[in-house]
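Structural characterization, general
Spelled out from the first residue to the last, the chains are:
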Amino acid sequence: MLASYGAFLLGQRTTGLVLSAPVLAYLGLAFGGHLITIDDDMPGEWSNPEGSKHVWRRSLAELLIKFLLFGMVGVYVAKQAG
């Protein structure tokens, strides 16, 4: 991401967009994969058989962080592309 930011600062929009694509893909996959499997972290489910609410809240917090990162990078790249 730093390389794409540097490219954008130097006015190289195409290079910046190319370098941003893997970052967006990785963040999108991380968020999407977590969203799909979020039910496993619910109390009493596969990843949380002891029923801990701490595990569930932490998973939700991590999902929110992934969503915010994906959104912020996506908005930044969209602004640079347009």
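Residues numbered from 1 in each chain as written. Predicted model: local features only at pLDDT ≥ 70, side-chain atom pairs only at ≥ 80, totals over all residues. Heavy atoms only, no water.

Quick look at the confidence of the model for the protein chain now. Residues with a pLDDT of 70 or more make up 100% of the protein chain, whose mean pLDDT is 92. The secondary-structure element of the protein chain with the lowest mean pLDDT is helix α1 (residues 2–9), recorded at 84, while helix α3 (residues 53–81) shows the highest, at 94. (pLDDT = per-residue confidence, 0-100. Helix = DSSP H or I, 4+ residues; strand = E, 2+ residues; numbered from the N terminus.)

So, on to a nonpolar patch on the surface. A cluster of nonpolar residues, Leu64, Phe67 and Leu68, forms a patch on the protein surface that exposes about 290 Å² of accessible area. Within the element layout of this structure, phenylalanine 67 appears in helix α3. (Patch = residues over 30% accessible without salt bridge, like charges linked within 9 Å, V, L, I, M, F, W, Y side chains within 5 Å. Areas by Shrake-Rupley, 256 points an atom, 1.4 Å probe, with all protein chains shown as cover. Salt bridge = Lys/Arg side-chain N within 4 Å of Asp/Glu carboxyl O.)

A few words on the side chain of serine 20. Note on placement: serine 20 falls in helix α2 (residues 13–36). Residue classification places serine 20 among the buried residues on the basis of a relative accessible area of 0%. Setting aside residues no more than four positions away along its own chain, serine 20 makes contact with Ser4, Phe8 and Val77. (Buried < 20%, exposed > 50% of the residue type's maximum accessible area, 1.4 Å probe, protein only. Contact = heavy atoms within 4.5 Å.)

Before going further, it helps to spend a moment on the packing of aromatic side chains. Taken as a whole and judged by the stated rule, the model has three aromatic pairs. Seen in terms of ring centroids, tyrosine 5 and tyrosine 76 are 6.1 Å apart; in terms of plane orientation they differ by 45°. Their pairing is tilted. Here tyrosine 76 lies in helix α3 and tyrosine 5 lies in helix α1, a separation of 71 residues in the sequence. Residue class for tyrosine 5 comes out partly exposed when judged on its relative accessible area of 40%. Relative to phenylalanine 67, the ring of phenylalanine 31 lies with its centre 5.5 Å away and its plane at 45°, an arrangement referred to as tilted. Taken together, the positions of phenylalanine 31 in helix α2 and phenylalanine 67 in helix α3 put the pair 36 residues apart, joining distant regions of the chain. What makes phenylalanine 31 buried here is its relative accessible area of 17%. Classification of phenylalanine 67 as partly exposed rests on a relative accessible area of 43%. Among the aromatic side chains, those forming a connected cluster through ring pairs are Tyr5, Phe8 and Tyr76. (Phe/Tyr/Trp six-rings, centres within 6.5 Å; stacked < 30°, edge-to-face > 60°.)

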